[in-house]
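Now for the letters of each chain:
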There are 6 protein chains.
Amino acid sequence: MARAPDSPKRERITPIVPDLVNYTHDLIYGEIWERPGLSKRDRSLVTLAALIASYRPDQLNSHVGRALNNGVTKAEITEIITHCAFYCGWPAAMTAAHVAADVYEGKMSPR
Amino acid sequence: MARAPDSPKRERITPIVPDLVNYTHDLIYGEIWERPGLSKRDRSLVTLAALIASYRPDQLNSHVGRALNNGVTKAEITEIITHCAFYCGWPAAMTAAHVAADVYEGKMSPR
Amino acid sequence: MARAPDSPKRERITPIVPDLVNYTHDLIYGEIWERPGLSKRDRSLVTLAALIASYRPDQLNSHVGRALNNGVTKAEITEIITHCAFYCGWPAAMTAAHVAADVYEGKMSPR
Amino acid sequence: MARAPDSPKRERITPIVPDLVNYTHDLIYGEIWERPGLSKRDRSLVTLAALIASYRPDQLNSHVGRALNNGVTKAEITEIITHCAFYCGWPAAMTAAHVAADVYEGKMSPR
Amino acid sequence: MARAPDSPKRERITPIVPDLVNYTHDLIYGEIWERPGLSKRDRSLVTLAALIASYRPDQLNSHVGRALNNGVTKAEITEIITHCAFYCGWPAAMTAAHVAADVYEGKMSPR
Amino acid sequence: MARAPDSPKRERITPIVPDLVNYTHDLIYGEIWERPGLSKRDRSLVTLAALIASYRPDQLNSHVGRALNNGVTKAEITEIITHCAFYCGWPAAMTAAHVAADVYEGKMSPR
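Source: prediction; values computed, not measured. (Residues numbered from 1 in each chain as written. Chains lettered and ligands numbered in written order. Predicted model: local features only at pLDDT ≥ 70, side-chain atom pairs only at ≥ 80, totals over all residues. Heavy atoms only, no water.)

Chemist: How would you summarise the side chain of N70 of chain F if you had to cite specific residues and measurements?
Modeler: Residues and elements named next belong to chain F. Its place among the elements puts N70 in the loop between α4 (57-69) and α5 (74-88). Only 3.0 Å separates the side chain of N70 from the side chain of S44, close enough to count as a polar contact. If we skip the residues at most four places from it in the chain, N70 touches W33, K40, R41 and S44. (Helix = DSSP H or I, 4+ residues; strand = E, 2+ residues; numbered from the N terminus. Polar contact = N/O pair within 3.5 Å; in protein donor to acceptor, adjacent residues only side chain to side chain. Contact = heavy atoms within 4.5 Å.)

Chemist: Give a detailed account of the interface of chain B and chain A, specifying residues and quantitative values.
Modeler: Counting residues at the interface gives 28 residues for chain B, matched by 28 residues for chain A. Its largest share of buried area at the contact with chain A, chain B owes to E79, H83 and Y87 of chain B, together 26% of the area lost on that side. Inspection of the chain B/chain A interface yields 6 salt bridges. With a shortest N-O distance of 2.7 Å, E79 of chain A and R35 of chain B are connected by a salt bridge. Across the contact surface, chain B and chain A share 12 residue pairs in polar contact (both at pLDDT 80 or more). Contributions of two or more residues to the side of chain B that touches chain A are made by α2 (18-32), α3 (40-53) and α5 (74-88) of chain B. Within the side of chain B that touches chain A, the residues separate by chemical class into 16 nonpolar, 6 polar and 6 charged. (Buried area = accessible area lost by both parts, 1.4 Å probe. Salt bridge = Lys/Arg side-chain N within 4 Å of Asp/Glu carboxyl O. Nonpolar A, V, L, I, M, F, W, Y, C, P; charged D, E, K, R; others polar.)

Chemist: So what's going on with the state of the cysteines? Residues and values would help.
Modeler: For the structure shown, the criterion picks out 0 disulfides over all chains. You can see C88 of chain D has no disulfide; the closest cysteine sulfur is in C84 of chain D, sitting 4.1 Å from it. (Disulfide = S-S within 2.5 Å.)

Chemist: Run through the packing of helix α5 (residues 74-88) of chain A against α2 of chain B, naming residues and quoting values.
Modeler: Packing of α5 of chain A against α2 of chain B leaves a shortest axis separation of 12 Å and a crossing angle of 155°. The orientation of α5 of chain A with respect to α2 of chain B, classified from their angle, is roughly antiparallel. The handedness of the crossing between α5 of chain A and α2 of chain B is left-handed. Residues H83, F86 and Y87 of chain A of α5 of chain A pack against L27, I28, Y29 and I32 of chain B of α2 of chain B. (Axes fitted to C-alpha atoms, helices over the stretch in contact; angles between N-to-C directions. Parallel < 35°, antiparallel > 145°, perpendicular 65-115°, else oblique. Left-handed = near helix turned anticlockwise from the far one by under 90°.)

Chemist: How would you summarise the interface of chain F and chain D if you had to cite specific residues and measurements?
Modeler: The interface is formed by 7 residues belonging to chain F together with 7 residues belonging to chain D. Across the interface of chain F and chain D, roughly 470 Å² is buried in total on both sides, 67% from carbon and sulfur atoms. Among the residues of chain F in contact with chain D, F86, Y87 and W90 of chain F are the three that bury the most area, contributing 68% of the side total. At the junction of chain F and chain D, the tally comes to 0 salt bridges. Across the contact surface, chain F and chain D share 2 residue pairs in polar contact (both at pLDDT 80 or more). Taken together, the elements giving at least two residues each to the side of chain F that touches chain D come down to α5 and α6 (90-104) of chain F. Counting residues per element, the side of chain F that touches chain D draws most heavily on α5 of chain F, at 4 residues.

Right, here's the structure in full:
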């Protein structure tokens, strides 16, 4: 079964929410991301848009990297952010662009 | 130039926000959706996820129909809603499923 | 002391949250809206923007009417909605325009 | 295993998101609500507050009834809404009070 | 009358919003938290859920500590966060777990 | 045509979302803020309220400074934050007060 990639952030919170971390492994990455009806690349598009829209910069940081691994290109991330500016408002898009800049510069979110 | 599809909802608000409706035609549908870096089908994935995440049932109603026109299948909409349950919370996904049911039954949102 | 204007909506919930309705009268309308540092017209600008941004159509309905009473013009409401489209996203602005249309047509929100 | 209570709303969307409805039964009601670390009554407090805060009136409707079944009193629901007015803003609390009024009058949300 | 506990964060903003800080003392802590209809422990459950749901990490930081003082156990905070993952989405719960980790490690939010 | 003021934050993301930065210059600052129907001072009131309500501290940081340039006084910013506490919830107002403190102390948000 697929597992979530190793993550120091996730290790930090394992003592606090152990079952939630188990669900992250077994349910989110083991089941949901593996469902056949939508490719991982398309799930990354959906996840990025959801995180931009709900203004979750900490998790967007992780999922920009994951999207690149799933075959989303940097040019497509540019388009997603630009598109979302109009549907989620300028501030959400601006923060998303900075999060992408962080990831491209190798800066991981501490949480 | 591409224009937004005719919409009685949009006509209703044209006297109230005429320039915003012009931007909807010329900027959102004429420019943003026509940008070459992301297909219309992918833009629909992004838009649906953003609308589910930010709980905008009125606009989700219109965009489910638009997504179908852009080549997103009903099976993919099922996956998007199921995926978003975990990233946006159960309530946002439940409402999205009802909005999809409305659209499939031909019920258009009044706004 | 200023009180909130009579409202059938508020009467409906008085048996459920009586002290919250008292706070609405004595604190929100009796104190906050009466503070001298910002005019009622300016407070209406702030309140409309906050309600559009947080997508609260029920309360936006009441406050569009209140804004008109406080001297905000319909042309200014048009500008506020158009401005907010870019800062809060298109869907929030579209719903706000429909709420304004409801108010101008005399349709009060049931809640 | 505990299952979600029968619900016409849930039946309506079963053809659209069948696996999500299965998760609602097996995971949400079968596992999460049954976890021993927090009583069902306390889980209802948490769920009501989360739904008020995130402005999800459709699901709040169902969960007010569920909270009453879990031993939360109407007087406590009054307190929760009043408390949340200050932490979530007046509009979220006002809508919550109307949703409670709907439930007490037997009006179920269509979605 | 009960007052808010001393807080360097609150002192910092007293010159900027003096009356809001007064309301925090006299209204929020002096009145709302002292209302008899719901115990302080239950109000902490409600407040934590509201803060997780609306993604307010700065204030969640303060209220995790306050919840512990009000008799909520760390095991219950674990359950609240795990429960909220499903109602508020995974990202809100992940951030909440990191905020709890901060508090347990003695790291206070600067704002 | 009016342009956005120079900003190191905006320069940082120009390589990532170049067209979005162009829209910021030409559309947001060149067109929207220049529309005659609402003064720049009033647009700042609206923008501040929208940013407080939607909890966008990064962008609020920039717009507090811009509001001061547009003629909004510090006393009025105090009133806006205090007013918004009741419409957007205490946590949003508290964070806004800290952002204002940051700006008054010359601390610019890194994003």
